[in-house]
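Understanding the architecture of this molecule
Residue-level listing of the chains:
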Amino acid sequence: MRYTAQLGLDAAAFDTDRTSVAVLERIRRVVASGLASGQVLGTPMLFIDGVVHRGGYDPRTLPAALTP
């Protein structure tokens, strides 16, 4: 929550959204989808254009993976 102000977010709205049933249901759907894919083995897990990114998350590697 302490980052909401730094990011210019409405802290009250963020907290309300974060704890909402809609968000919980979306998280459950995403987790179920990831498990069903057989590709999600843990976190963090990143898909780029539907393909699991197996490379690094550092500032040099990630932008290169996003460039076609």
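Here, the structure is the one placed above.
Throughout what follows, the structure given in this document is the object of discussion. Because the structure is a prediction, the values reported are computed rather than measured. (Residues numbered from 1 in each chain as written. Predicted model: local features only at pLDDT ≥ 70, side-chain atom pairs only at ≥ 80, totals over all residues. Heavy atoms only, no water.)

**Remarks on the overall build of the protein chain**
A count of helical and extended segments in the protein chain gives 4 helices and 2 strands. For 68 residues, the compact-globule estimate of 2.2 N^0.38 gives 11 Å, and the C-alpha radius of gyration of the protein chain, at 16 Å, exceeds that figure by more than 25%. Taken along its principal axes, the extent of the C-alpha atoms in the protein chain is 35 × 30 × 20 Å. Across the 68 residues of the protein chain, 7% fall into the buried class. By sequence separation, contacts in the protein chain at least 24 residues apart represent 0% of the contacts at least 6 residues apart. When the accessible area of the protein chain is evaluated, it comes to approximately 5700 Å², of which 61% is carbon and sulfur surface. (Helix = DSSP H or I, 4+ residues; strand = E, 2+ residues; numbered from the N terminus. Rg over C-alpha atoms; globule rule 2.2 N^0.38 Å. Buried < 20%, exposed > 50% of the residue type's maximum accessible area, 1.4 Å probe, protein only. Contact = heavy atoms within 4.5 Å. Areas by Shrake-Rupley, 256 points an atom, 1.4 Å probe, with all protein chains shown as cover.)

**Quick look at the side chain of H53**
Here H53 is to be found in the loop between β2 (51–52) and α4 (61–66). Excluding residues that lie within four positions of it along the chain, H53 makes contacts with L46, I48, T61, L62 and A65.

**Looking at unusual backbone geometry**
In the segment running from T43 into P44, the intervening peptide bond is cis, with an omega of -5 degrees. Notably, D49 is not glycine yet its phi reads approximately 50 degrees, a positive angle. Tracing the backbone shows D49 in the loop between β1 (47–48) and β2. According to the relative accessible area criterion, D49 is exposed, its value standing at 78%.

**Re helix α3 (residues 21–37)**
With 17 residues, α3 should reach 24 Å at 1.5 Å per residue; the first-to-last C-alpha distance of 24 Å fits that figure. G38, located one to two residues past α3, shows a positive phi value of around 75 degrees. (Expected span 1.5 Å × (residues − 1).)

**Comments concerning the layout of surface pockets**
Counted as a void, the largest pocket has a volume near 160 Å³. Together, V30, V31, G34, L35, V40, G42, T43, M45 and F47 line the largest pocket. Looking at the lining of the largest pocket, its residues break down into 6 nonpolar, 3 polar and no charged. (1 Å grid on protein atoms, 1.4 Å probe; cavity = no way out; pocket = protein on both sides within 12 Å on 5 of 7 lines; lining within 4 Å. Points joined across faces, edges and corners; volume = space filled by probe spheres on them. Nonpolar A, V, L, I, M, F, W, Y, C, P; charged D, E, K, R; others polar.)

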